Amino acid sequence: MNLIFLGAPGAGKGTQAEIVSERFGIPAISTGAIIREAIKTKTPMGIAAREYTDVGALVPDDIVIGIIKERLQQDDCNNGFILDGFPRTVPQAEALEKMGVIIDIVVSIEVADEDIVKRMSGRRVCDSCGASYHVVYKPSKDGENCEKCGNKLSVRRDDMPEVVLSRLATYHEQTEPLKDFYASRGVLKIVQGQEELADTTRLTAEAIGNPEA
Ligand code: AMP
């Protein structure tokens with residue numbers, strides 16, 4: 001099953017993608033995580049991407065399309081995959097189609113902007129393994145360190161309030177049109193993001209046709 005998770009930054013698509021990934025045994029591919037890793041290790045792509053991510057703008061299409069092209073060729077994608085954070089523009093979605101990739105379902109997780117701002121101020125991430133937590137909705141066991149690798153959790157630079165507002169504007173302008181794009185292909189499912197993580201997970205499972213999971 002080939003899935004795309006759409007949604008504003010902080011809508012919970014990354015968390016749901018991780019859950020579905022474990023349930024189905026297919027990889028969740030986050031272009032944001034790949035870009036952050038490249039920034040951390042200062043690869044040429046990371047250095048080029050940083051000027052965009054720092055201000056809440058999108059990294060140019062050719063860079064992210066290249067990332068996805070390479071990633072989808074890896075063997076672990078043979079039985080399906082979940083794209084988390086890609087595509088984010090219509091040209092990216094068109095590039096995916098040109099690659100011959102068939103998408104079965106696109107789940108758009110919808111959350112009001114004001115709730116997003118509240119949520120993102122509490123988000124914490126592990127710089128080492130990329131796991132994400134939230135001080136209220138999904139705290140790590142000890143509240144400070146990653147449960148998977150023990151690394152100290154931090155606030156992502158692009159989760160700072162002024163960057164969040166800019167990322168939301170970018171989402172509405174450039175990514176939201178993808179809902180019409182995929183609705184016209186008959187694969188769009190809307191999930192209303194809920195206060196409780198488990199409720200959103202249940203609705204997401206229903207949207208992808210796996211309600212009893
Ligand atoms: P995310 O973790 O998905 O919110 O991504 C973090 C940042 O990486 C975004 O704010 C963008 O600057 C960049 N990014 C991630 N995915 C894409 C994409 N598909 N197209 C353009 N920029 C992206």
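Residues numbered from 1 in each chain as written. Predicted model: local features only at pLDDT ≥ 70, side-chain atom pairs only at ≥ 80, totals over all residues. Heavy atoms only, no water.

### Let's talk about the sheet that holds strand β7 (residues 153–154)
Piece 1. Reading across from one edge, β6-β5-β7 is the order of the three strands in this open sheet, with antiparallel pairing throughout. Each of the sheet's edge strands pairs with one partner strand only, and the pair in question is β6 (132–134) and β7.
Piece 2. Of the pairings in the sheet, the one linking strand β5 (residues 123–126) to β7 comprises two bridges and is antiparallel in character. Note that in β7 the partner of C126 across the bridge is L153. (Pairing = 2+ DSSP bridges. Helix = DSSP H or I, 4+ residues; strand = E, 2+ residues; numbered from the N terminus.)

### Overview of the packing of aromatic side chains
Piece 1. Applying the stated criterion across every chain, the model contains one aromatic pair.
Piece 2. Aromatic pair F181 and Y182: ring centres 4.9 Å apart, planes at 80°, arrangement edge-to-face.
Piece 3. Owing to a relative accessible area of 10%, F181 belongs among the buried residues under this scheme.
Piece 4. Judged by relative accessible area, Y182 falls into the buried class, the value being 3%.
Piece 5. For the cation-ring pair, R119 lies above Y137, with the distance from its terminal atom to the ring centre recorded as 5.8 Å.
Piece 6. Its guanidinium or amino end placed over the ring of F181, R185 lies 3.8 Å from that ring's centre, counting from NZ or CZ. (Phe/Tyr/Trp six-rings, centres within 6.5 Å; stacked < 30°, edge-to-face > 60°. Buried < 20%, exposed > 50% of the residue type's maximum accessible area, 1.4 Å probe, protein only. Lys NZ or Arg CZ within 6 Å of the ring centre and 35° of its normal.)

### A short note on the packing of helix α2 (residues 31–40) against helix α3 (residues 44–53)
Piece 1. Contact geometry for α2 and α3: axes closest at 8 Å, N-to-C directions at 115°. In this view, α2 runs roughly perpendicular relative to α3, as classed from their interaxial angle. In the crossing of α2 with α3, the sense of the turn from one axis to the other is left-handed. Only M45, G46, A49, R50 and T53 of α3 make contact with α2, whose side of the interface consists of I34, I35, A38 and I39.
Piece 2. Here the contact of α2 with α3 is built from residues that sort into six nonpolar, two polar and one charged. (Axes fitted to C-alpha atoms, helices over the stretch in contact; angles between N-to-C directions. Parallel < 35°, antiparallel > 145°, perpendicular 65-115°, else oblique. Left-handed = near helix turned anticlockwise from the far one by under 90°. Contact = heavy atoms within 4.5 Å. Nonpolar A, V, L, I, M, F, W, Y, C, P; charged D, E, K, R; others polar.)

### So, the layout of surface pockets
Piece 1. Its boundaries defined by the atoms lining it, the second largest pocket holds a volume of some 180 Å³.
Piece 2. Contributing to the lining of the second largest pocket are E18, I19, E22, A131, S132, Y133, K138, P139, E147 and K148.
Piece 3. The element that contributes the greatest number of residues to the lining of the second largest pocket is helix α1 (residues 13–24), accounting for three residues.
Piece 4. Looking at the lining of the second largest pocket residue by residue, the classes come out as four nonpolar, one polar and five charged. (1 Å grid on protein atoms, 1.4 Å probe; cavity = no way out; pocket = protein on both sides within 12 Å on 5 of 7 lines; lining within 4 Å. Points joined across faces, edges and corners; volume = space filled by probe spheres on them.)

### Here's the deal with the site of the ligand
Piece 1. As a structural note, the neighbourhood of the ligand is formed by 16 residues, with T31, A57, G85, Q92 and R167 the closest of them.
Piece 2. R36 is positioned with one of its side-chain polar atoms (N or O) 2.9 Å from an oxygen atom of the ligand.
Piece 3. One of the side-chain N or O atoms of R156 is found 3.3 Å from an oxygen atom in the ligand.
Piece 4. For the shell around the ligand, the element with the most residues is α2, which contributes four residues.
Piece 5. Classifying every residue of the shell around the ligand gives six nonpolar, five polar and five charged. (Near = heavy atom within 4 Å. Polar contact = N/O pair within 3.5 Å; in protein donor to acceptor, adjacent residues only side chain to side chain.)

### Quick notes on the side chain of R119
Piece 1. In this structure, R119 sits in helix α6 (residues 113–121).
Piece 2. Buried within the structure, R119 lacks any salt-bridge partner; its nearest side chain of opposite charge belongs to E195, at an N-O separation of 6.1 Å.
Piece 3. If sequence neighbours within four positions are ignored, R119 has contacts with G10, A11, G12, V111, H134, Y137, G193 and Q194. (Lys, Arg positive; Asp, Glu negative; His and termini not counted. Salt bridge = Lys/Arg side-chain N within 4 Å of Asp/Glu carboxyl O.)

### As for the pairing of strand β1 (residues 2–7)
Piece 1. β1 sits mainly inside the fold: six of its six residues count as buried.
Piece 2. With burial as the criterion, each face of β1 is covered, one bearing N2, I4 and L6 and the other bearing L3, F5 and G7.
Piece 3. Relative to strand β3 (residues 81–84), β1 runs parallel, the two sharing four bridges. Bridging across to β3, F5 finds its partner in D84.
Piece 4. Pairing analysis gives five bridges linking β1 to strand β4 (residues 105–110), with the strands arranged parallel. Within β4, the residue paired with F5 across the bridge is V107.

None of the figures reported here should be taken as evidence of function without further support.
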